[in-house]
Amino acid sequence: MPISARELAYAATTQAFTRNFRHLLPVPRFLVRGPFLPGQPRPKDTKPKDRIKHWNIVPGDYVRLRGDTSGTIREVNRVNKLSNRVLLKKETNKESPSTDARNEGMVSVPYSQCQLLVGRYEYPPEGQSIEAAVKPVFASRLTMSKPYWYAKGGYWIWRRYAVNTTPRLPNYTGSSHISIRIPWPKQNTLTKPEPSPYDTIAEAVNEVTYTPPALPSTLLSPAPRIPTEHEYITSLTKPGKVVVPASAPVEVHLVKELSNPHSRAKKQARWQAFAARQKALLETHIQAEYANLAGRTRSAARAEATWKWKNQIEEERKAEMKRRWRNRGGEAHEARTSQRKVRKAAKREQKLRRLVLADAPNQVVPDAPAA
């Protein structure tokens, strides 16, 4: 299954872990070519063979750009695995904050241009200085362990190491050098917002509103009797006549009202019952015709039984459609329409009878018909 339009639109993710490898699937060309509305961003992607399978730079890491003379360290905000690009947070000037909206947002850079921050290490003093210097160390080459599926979290996980660093570590020697493990960034814990007046309070959630009926202590004891539907309805209309225990399972009587009549299982059960009834009705017609052949062959009798069965099915279908039409109020609507037409015709006739024309020279009284 190729990449969908939703996956392409939300390709820039903030998730640090890889839950699947769908980003290696091809993207349909019509999603990239457009057409696009004015102002709509145009999605970009790389060829599937050029995409990175295991990402060692994830949101929450700190990187610097190769060739950046200023050596600015930026935080990774999002990663786009379809275009092999990393979205970094822009620098903010705390002394003179800018109000320009164009300065807000993120910077998109290629994955290959990023150098991952390994940590900050203390170096011996250089030159005439007597104080140790703390410098940031970046990984110029990364490697990883064999990935494995973490079933509890639902994602793939592996360990990442820095094989080579820039600058070299203070205690670096070519013979005793070992790879440095880089921990994954910690995920921010979700803070629970304060409840609003529209939220359900904890007391209402923890309130006990239903207690199941007490079951017998042994299997030999009789089970408690469940009140009938008539008793339950009577207890609602006439509480003094019938008293239903508070622990009675009320949902037993409301199973039809509480259950979904349009579920797949119920639709299938209704269809199976309908098909079984039609099959049994056909068999009844065939057996009736076989019992009284009257000189016909069995094939002719079966054909006539099938014809009668089809006619009965059609009549039942028409009767069912008329019943549904009547239940929808079609018959009452037709009666109202007929009454409205009768009243309209009566008003029209009454209006014509009461019509009085003013005297005018162009009026001619018709002659009486000859006897």
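Preceding this section is the structure that the text describes.
Now for a look at the structure at hand. (Residues numbered from 1 in each chain as written. Predicted model: local features only at pLDDT ≥ 70, side-chain atom pairs only at ≥ 80, totals over all residues. Heavy atoms only, no water.)

Our focus in this paragraph is a nonpolar patch on the surface. On the surface, L352, L355 and L357 cluster together to form a nonpolar patch covering roughly 340 Å² of accessible area. In this structure, L355 sits in the segment after α8 (330-353). (Patch = residues over 30% accessible without salt bridge, like charges linked within 9 Å, V, L, I, M, F, W, Y side chains within 5 Å. Areas by Shrake-Rupley, 256 points an atom, 1.4 Å probe, with all protein chains shown as cover. Salt bridge = Lys/Arg side-chain N within 4 Å of Asp/Glu carboxyl O. Helix = DSSP H or I, 4+ residues; strand = E, 2+ residues; numbered from the N terminus.)

Moving on to the nonpolar core. Among the nonpolar cores identified, the biggest contains 21 residues, and V63, V76, V86, L88, C114 and V118 are the most heavily contacted of them. Among the secondary structure elements, those contributing two or more residues to this core are β2 (62-65), β3 (74-80), β4 (85-89), β6 (114-123), β7 (133-144) and β11 (180-182). Considering each element in turn, this core owes the most residues, four residues, to β6. Those residues in contact with L88 that lie beyond four places of it in its chain are V63, L65, R74, E75, V76, N77, M106, V107 and V109. (Core = buried A, V, L, I, M, F, W, Y, C linked by side-chain atoms within 4.5 Å. Buried < 20%, exposed > 50% of the residue type's maximum accessible area, 1.4 Å probe, protein only. Contact = heavy atoms within 4.5 Å.)

Oppositely charged side chains may form a pair once their charged atoms are brought near each other. One pass over the structure, following the stated rule, counts 16 salt bridges. The closest approach of N and O atoms between K308 and E304, which form a salt bridge, is 4.0 Å. With a gap of four residues between them, K308 and E304 both fall in helix α7 (residues 298-327), about one helical turn apart. For R323, the salt bridge identified is with E320, shortest N-O distance 2.4 Å. Placement of both R323 and E320 in helix α7 is noted, with a separation of three residues, approximately one turn of the helix. You can call R323 partly exposed: its relative accessible area is 38%. Residues joined by salt bridges that share partners form a network here, namely E289, R296, E304 and K308.

What follows concerns the packing of helix α6 (residues 264-291) against α7. Their axes nearest at 8 Å, the elements α6 and α7 cross at an angle of 140°. Here α7 runs oblique to α6, going by the angle between their axes. The element α6 and its partner α7 pack so that their crossing is right-handed. Residues R277, Q278, L281, L282, H285, I286, E289 and Y290 of α6 form the contact with α7, whose participating residues are R298, A301, R302, E304, A305, T306, K308, W309, Q312, I313 and E316. Partitioned by chemical class, the residues of the contact of α6 with α7 number eight nonpolar, four polar and seven charged. (Axes fitted to C-alpha atoms, helices over the stretch in contact; angles between N-to-C directions. Parallel < 35°, antiparallel > 145°, perpendicular 65-115°, else oblique. Left-handed = near helix turned anticlockwise from the far one by under 90°. Nonpolar A, V, L, I, M, F, W, Y, C, P; charged D, E, K, R; others polar.)

Below, the discussion takes up a positive patch on the surface. On the surface, R336, R340, K341, R343, K344, K347, R348 and K351 cluster together into a patch of positive charge. With respect to the helices and strands, R340 occurs in helix α8. (Lys, Arg positive; Asp, Glu negative; His and termini not counted. Charge placed at Lys NZ, Arg CZ, Asp CG, Glu CD.)

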